[in-house]
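One letter stands for each residue in the lines below.
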Amino acid sequence: MGLKKAIEKLKTSNGNLTTMTALTTSSSSPRSSKMKVWMIRATTSVLLWTCIVQLTALGEMWGPRVLKGWPSCFTQEASAGGINAVLQETVSSVPAVVLPPKRVYKNNGYLMVSCNGGLNQMRAAICDMVAIARDLNVTLIVPELDKTSFWADPSEFQDIFDLDHFITSLRDEVRILKELPPRLKRRVELGRIYTMPPISWSDISYYRIQILALIQKHKVLHLNRTDTRLANNGLPLDIQKLRCRVNFEALRFTSQIEELGRKVINMLRKNGPFLVLHLRYEMDMLAFSGCTQGCNHDEVDELTRMRYAYPWWKEKIINSDLKRKDGLCPLTPEETALTLRALDIDPEIQIYIAAGEIYGGERRMASLASGYPKLVRKETLLEPSDLRYFQNHSSQMAALDYLVSLESDIFVPTYDGNMAKVVEGHRRFLGFKKTILLDRRLLVDLIDRYTNGSLNWDEFSSAVKQSHANRMGNPIKRVIIPDRPKEEDYFHANPEECLQSSENLSSSA
């Protein structure tokens, strides 16, 4: 009926147009003629658009392609079929995101945490804090990253990790919010919040009894230190597995970091296998540890001044020689070159240096570069424009090194710091990828005996290979030392509960 009325209106308008044209012809005034022509055009346009709108609304006939962008059709069923086909094609091209169901539980309060340290120390701490929040049935506020340590990286959580993925992927375990509810947030802004550092290496009973009571009392509890605050061993299996799930699944880097990491990996892969050397020989590492092997007098003075300048570095008076003999110093670049050669690492292999600026620069890297000329860094592989947004953001730079380290054919850390340990554990999870865990105490003794002539090269090389035959990241049980957690194997370096049954694991040497 609507279509018939539109056609009748069109006929009537044609009659009116004929009459108006005649009137225009008989008029003697040029100005009046122009006005009438304009009115005719305006009336015609209005009537035509009225017809088009009615036809489109009825859905009985499709308008021209320029109006709809679809092929002309003459039946509603045919047009609907065409739309459905295109929609199905579009939907099928977009991967479905399946979210786990939300875990429903009575909320006992809110837990805020401020992580301390570098990227990988904070990464391990986040895993621990999620597991604690889940066990206590509290709501976790997205962890705050360290911005005041030596590196002074201003990055927020979402600058490094995929925040939405972190929250949604764990929704079946724990409720995570980006910020406190308004009323509680206002309390925190006014400084009315209970803040404390939890006790290091604590069992879960400490959190269930002491920490939970504080959360229930204050509604919000802020933990201002998070490094190694949860025990390595003696925890329920579900807590250990959740620590792994957070580390290996929930803590995904941002798309920008992931894409740049893939770019570096692809560039390396095009040229064959590659080894990642986590050469921990930056200025801050040497100042903190007090290890000055190979440094000149001015460098020793500079490192000592730096150590005293940071009050939270508690150990001030350090005997570098004794510490080195105990295996507590990172290997120097020169010692590293000898070790790689003794292990028969191919001198033509690409070696990616995963580290900051090496203290002493080219002078200290000379022997390593001579023995292994294919040394590369992210700064030499990428254009300055690629790294523009990462400058002065040490944690984001460390994230790139982390991704490349995971994918390398061989990973060799020269010191057992946080990155070395967390990457080691992640590579175990990825299928026990080759990770050479250097026995520094033995190595420095062998190196000293070789350099003073007590051992010839064959004897030295044979001893190095023999002592590291079972230190390649192979399946092994964690060493447990009761009441001495700092000396036992770190959970995140060997999360055996998440890898395979303990029956298939050999004992640690």
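Quick caveat: nothing in here was measured; it's all calculated off a predicted structure. (Residues numbered from 1 in each chain as written. Predicted model: local features only at pLDDT ≥ 70, side-chain atom pairs only at ≥ 80, totals over all residues. Heavy atoms only, no water.)

A. Representation of the overall build of the protein within the structure. Of the regular secondary structure elements, the protein holds 21 helices and 9 strands. For the protein, the proportion of its 509 residues judged to be buried stands at 44%. At a minimum sequence separation of 6, the contacts of the protein that also span at least 24 residues come to 75%. In the structure as shown, the protein presents an accessible area of about 27000 Å², 55% of it carried by carbon and sulfur atoms. (Helix = DSSP H or I, 4+ residues; strand = E, 2+ residues; numbered from the N terminus. Buried < 20%, exposed > 50% of the residue type's maximum accessible area, 1.4 Å probe, protein only. Contact = heavy atoms within 4.5 Å. Areas by Shrake-Rupley, 256 points an atom, 1.4 Å probe, with all protein chains shown as cover.)

B. Structural view of the state of the cysteines. Enumeration over the complete set of coordinates arrives at 2 disulfides. Two residues share a disulfide in this structure: C244 and C498, whose sulfurs sit 1.9 Å from each other. Taking the sign of the S-S torsion, 85 degrees for the link of C244 and C498, the bridge is right-handed. On the criterion of sequence distance, the pair formed by C244 in helix α10 (residues 237-250) and C498 in the segment after α21 (457-467) is long-range, its members being 254 residues apart. Judged by relative accessible area, which is 17%, C498 ranks as buried. Sulfur-sulfur distance for the disulfide between C291 and C329 comes to 1.9 Å. (Disulfide = S-S within 2.5 Å.)

C. Focus on the sheet that holds strand β5 (residues 220-223). Spatial ordering of the open sheet is given by β3-β2-β1-β5-β4, a layout of 5 strands whose pairing is parallel. A strand with exactly one partner marks an edge of an open sheet, and here the two such strands are β3 (176-177) and β4 (194-196). Bridge analysis of strand β2 (residues 139-141) against β3 gives 2 bridges, and the strand direction is parallel. Looking across to β3, one finds that I141 is bridged to L177. (Pairing = 2+ DSSP bridges.)

D. Structural context of unusual backbone geometry. Phi angles above zero are rare outside glycine, and N137 is one such case at about 55 degrees. Mapping N137 onto the fold places it in the loop between α5 (119-136) and β2. The exposure class of N137 is partly exposed, given its relative accessible area of 22%. At F432, a residue that is not glycine, the phi angle is positive and equals roughly 55 degrees.

E. Main features of helix α16 (residues 361-371). Within α16, burial applies to R364, M365 and L368. Projected down its long axis, α16 shows its buried positions confined to an angular sector of 80 degrees, all on one face. Away from the buried face of α16 by more than 90 degrees, exposed residues E362 and S370 are located. For α16, the secondary structure elements touched by its buried residues are β6 (274-278), α15 (333-342), β7 (350-353) and β8 (375-376). (Arc of directions from axis to C-beta.)

F. Expanded view of the sheet that holds strand β9 (residues 410-413). On the basis of which strands lie adjacent, the open sheet formed by 4 strands has the order β8-β7-β6-β9 and parallel pairing. Only two strands of the sheet have a single neighbouring strand rather than two, namely β8 and β9. As paired elements, β6 and β7 share 4 bridges and run parallel to each other. Paired with V276 across the strands is Y352, a residue of β7. Seen against the sheet, helix α18 (residues 394-407) touches β6, β7 and β9 and runs at an angle of roughly 135 degrees to β6. (Axes fitted to C-alpha atoms, helices over the stretch in contact; angles between N-to-C directions.)

G. Up close: the pattern of salt bridges. On inspection of all chains with the given rule, the structure shows 32 salt bridges. Between E156 and K147 there is a salt bridge; the shortest N-O distance is 3.3 Å. Of the residues examined, K147 reaches a relative accessible area of 27% and is grouped as partly exposed. The salt bridge partner of E189 is R186, with a shortest N-O separation of 3.8 Å. (Salt bridge = Lys/Arg side-chain N within 4 Å of Asp/Glu carboxyl O.)

H. Here's a closer look at the packing of aromatic side chains. If you walk through the whole model with that rule in mind, you get 12 aromatic pairs. On the basis of an interplanar angle of 20 degrees and a centroid distance of 5.0 Å, the ring pair of Y450 and F460 is categorised as stacked. Of the two residues, Y450 is situated in helix α20 (residues 440-451) and F460 in helix α21; the sequence distance between them amounts to 10 residues. The partly exposed category is assigned to Y450, whose relative accessible area is 23%. Overall, the relative accessible area of 0% leaves F460 in the buried class. The interplanar angle of 55 degrees and the centroid separation of 5.4 Å between the aromatic rings of W457 and F460 together place this pair among those described as tilted. Here W457 pairs with F460, and both are found in helix α21, just 3 residues apart, close to one helical turn. In this arrangement the basic side chain of R341 is found over the ring face of W457, its NZ or CZ atom lying 3.9 Å from the centre. The residue whose ring lies beneath K421 is Y490, and the NZ or CZ to ring-centre distance is 5.3 Å. (Phe/Tyr/Trp six-rings, centres within 6.5 Å; stacked < 30°, edge-to-face > 60°. Lys NZ or Arg CZ within 6 Å of the ring centre and 35° of its normal.)

I. Representation of the nonpolar core within the structure. Membership of the largest hydrophobic core comes to 74 residues, with the highest contact counts inside it found for I126, F166 and V246. For F166, the residues in contact, after removing those within four places along its chain, are I126, V130, P143, F157, I176, V246, A250 and L251. Residues A337, I436, L446 and L455 belong to the second largest nonpolar core, which totals 37 residues. (Core = buried A, V, L, I, M, F, W, Y, C linked by side-chain atoms within 4.5 Å.)

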